[in-house]
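# Per-entry structural report
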Amino acid sequence: MSAKGITSHLVHFERRATPESGAVHTPIFNSVPYGYAKAQDLVDVFQGKQAGQAYARQSTPTTDVLQEHVTALEGGIGSLVFGSGMAAISAVFLTLLKSGDHIVASQYLFGNTSSVFATLQGFGIEVTQVDVTDANEVAAACRENTRMVFTETIANPGTQVADLKGIGQVCRERDLLYVVDGTMTSAVLLPPKEVGAHLVVNALSKYFGGHGAALGGTVTDTGLFNWESYPNIFPAYRTGESKGWGLLQIKKKGLRDMGGCISSEGAHQLMVGAETMALRLERQCANAQALAELLEAHPKVAKVYYPGLESHPQYRRTQELFSSAGAILSLELVDGLDCCEFLDNLDLVINATHLGDNRTLALPVALTIYYEMGAEARAAAGIADSMVRCSIGIEDTADLLADFTQALDKLA
Ligand SMILES: *Cc1c(COP(=O)(O)O)cnc(C)c1O
């Protein structure tokens, strides 16, 4: 990022990336193929000797700008964009791991990411999930065949905060690839490069886009990893400066071969949304803090999970790592109260999955997004049967506080 403040950067990035016409938005290029007057130019593009487009499954001029946008925000050396966060995450695993490898991952993960691990195990990749709030647990789980450590920043729905710096240290000492899913906090609250992450994945569908209007995902290389030491880079991609090898392999094997690409229209929607990301997060985090404090003091609420509360086990770490404690909070009602009835009592808040949206969304997690996982895995991830997850939006603070208060008061 430039020396300017983050919102100045966000609102001016696109027009600077494509200055030709004066348009403040990058044009939406819908072309699938890209033609060249000279066959040699096409050959050079295919052989990586010349920059340029070939086919929209790998990139378009519009998606290129989104990539640059994310790279600048994360302070990385390059990024790839995908059609969803899960496309980006699964591409990282499937292109950089081989049968016989082992990875250490958080036991508090986005449910679909945990589900991908079951697929990986079927391919002969071993996964150990540990309590990432303690870097010693990560270190203890490492083996000779460990290639990668994967964690989120703040987990959902339990809001456990990983020991991101400690894990960075473990990965540095052992030369392990450190992959951080920064979706819950985004680069606005913490660019994971600051804690030593080598690859950063983000679901752009969430805070980056913010408006619930487009899906997207990304992988950013922070430039901190030495790819020459990584055994799984195919000979074809050990070409040019070694700093680029990892992303080149993820692009060719993941984006080109597996095909999880984003459309130019989707990329445009996400970039429009991103203009207000820092502003939105400021309001969302302030709303979440106010609401968490109100809920913690309410007699019908048994427990509030929010890392901006002093009662949260990683409160100090949260203050140290992030510019704000995020906008996801979870709660449990006191015994005997029905969480679905509570949700139905809410008026502004929508019963919906998704997070990072402008609108406040809430859902009973054990019955919905974590249902398939089963009771045992839910218990390991710290997910109570009656837990409600709330993704706090940008509504006026007083309206949100009033809505939660009336919904609780109405409960018998
Ligand atoms: C939503 C989410 C994803 C997946 O993103 P999609 O764009 O919905 O595929 C991955 N990780 C985290 C932490 C998420 O919240």
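Quick notes on the rules
- Residues numbered from 1 in each chain as written.
- Predicted model: local features only at pLDDT ≥ 70, side-chain atom pairs only at ≥ 80, totals over all residues.
- Heavy atoms only, no water.
- Patch = residues over 30% accessible without salt bridge, like charges linked within 9 Å, V, L, I, M, F, W, Y side chains within 5 Å.
- Areas by Shrake-Rupley, 256 points an atom, 1.4 Å probe, with all protein chains shown as cover.
- Salt bridge = Lys/Arg side-chain N within 4 Å of Asp/Glu carboxyl O.
- Helix = DSSP H or I, 4+ residues; strand = E, 2+ residues; numbered from the N terminus.
- Axes fitted to C-alpha atoms, helices over the stretch in contact; angles between N-to-C directions.
- Parallel < 35°, antiparallel > 145°, perpendicular 65-115°, else oblique.
- Contact = heavy atoms within 4.5 Å.
- Nonpolar A, V, L, I, M, F, W, Y, C, P; charged D, E, K, R; others polar.
- Near = heavy atom within 4 Å.
- Polar contact = N/O pair within 3.5 Å; in protein donor to acceptor, adjacent residues only side chain to side chain.
- Pairing = 2+ DSSP bridges.
- Buried < 20%, exposed > 50% of the residue type's maximum accessible area, 1.4 Å probe, protein only.
- Core = buried A, V, L, I, M, F, W, Y, C linked by side-chain atoms within 4.5 Å.
- Left-handed = near helix turned anticlockwise from the far one by under 90°.

Where nonpolar side chains cluster on the molecular surface, the patch consists of Leu 94, Phe 123 and Met 258 and spans about 290 Å² of accessible area. Its place among the elements puts Phe 123 in the loop between α5 (111-122) and β3 (126-130).

On to the packing of helix α1 (residues 6-17) against helix α11 (residues 277-296). It is the contact of α1 with α11, at a shortest axis distance of 8 Å, that shows an interaxial angle of 140°. Between α1 and α11, the angle falls in the class oblique. Contacts between α1 and α11 involve Ile 6, Thr 7 and Leu 10 on the former and, on the latter, Met 277, Ala 278 and Leu 279. Split by residue class, the contact of α1 with α11 holds five nonpolar, one polar and no charged.

If you check the shell around the ligand, you find 14 residues, and the closest are Gly 85, Met 86, Asp 181, Ser 205 and Lys 206. Here Gly 85 contributes a backbone N or O atom positioned 2.7 Å from an oxygen atom of the ligand. With respect to the ligand, the backbone of Met 86 contributes an N or O atom lying 2.9 Å from an oxygen atom. For the ligand, whose accessible area on its own is 380 Å², the fraction buried by protein is 92%.

Here we come to the sheet that holds strand β12 (residues 388-391). Sheet strands pair by backbone hydrogen bonding; their relative direction is either parallel or antiparallel. Reading across the sheet, the five strands line up as β8-β9-β12-β11-β10 and stay open at both edges, with mixed pairing between neighbours. Single-partner strands in this sheet number two, and they are β8 (301-305) and β10 (350-351). Strand direction decides the pairing type here: strand β11 (residues 361-364) and β12, joined by four bridges, are antiparallel. Bridging across to β12, Pro 364 finds its partner in Val 388. Contacts from α11 reach β8 and β9 (328-333) within the one sheet, and its direction differs from that of β9 by about 15°.

Let us look at the pairing of β12. Burial along β12 is two-sided: the residues Val 388 and Cys 390 and Arg 389 and Ser 391 are all buried. Relative to β12, β9 runs antiparallel, the two sharing four bridges. Residue pairing across strands places Leu 329 opposite Cys 390, the latter belonging to β12.

Next up on the list: the pattern of salt bridges. This structure, assessed with the given rule, holds seven salt bridges. Ionic pairing is found between Arg 147 and Asp 101, a salt bridge with its closest N-O pair at 3.3 Å. Placement of the pair is Arg 147 in strand β4 (residues 146-152) and Asp 101 in the loop between α4 (85-96) and β2 (102-106), with a sequence separation of 46 residues. On the basis of relative accessible area, Asp 101 is assigned to the buried category, the value being 5%.

A sheet is described by the order of its strands in space; here seven strands give the open sequence β1-β7-β6-β5-β4-β2-β3, paired in mixed fashion. In this open sheet, the two strands that pair with only one neighbour each are β1 (78-82) and β3. Strand-to-strand, the axes of this sheet are offset by a mean angle of 20°, without reference to chain direction. Here strand β6 (residues 199-203) pairs with strand β7 (residues 217-221) via five bridges, running antiparallel. Across the sheet, Val 200 pairs through a bridge with Thr 220, a residue of β7. Seen against the sheet, helix α3 (residues 61-74) touches β1, β6 and β7 and runs at an angle of roughly 130° to β1.

Moving on: the nonpolar core. The biggest cluster of nonpolar side chains holds 82 residues, and the ones touching the most others in it are Leu 66, Leu 329 and Phe 342. Filtering out sequence-adjacent residues up to four positions away, Phe 342 remains in contact with Leu 331, Leu 333, Phe 404, Ala 407, Leu 408 and Leu 411. With 34 residues, the next largest nonpolar core counts Leu 80, Ala 88, Phe 93 and Ala 105 among its residues.

Before going further, it helps to examine the packing of α11 against helix α15 (residues 397-410). At a closest axis distance of 10 Å, the pairing of α11 and α15 adopts a crossing angle of 30°. As far as their axial angle goes, α15 and α11 are roughly parallel. Here α11 runs over α15; the crossing is right-handed. In contact with Arg 283, Asn 287, Ala 290, Leu 291, Leu 294 and Leu 295 of α11, α15 contributes Thr 397, Leu 400, Leu 401, Phe 404, Thr 405 and Leu 408. A class-by-class count of the residues in the contact of α11 with α15 yields eight nonpolar, three polar and one charged.

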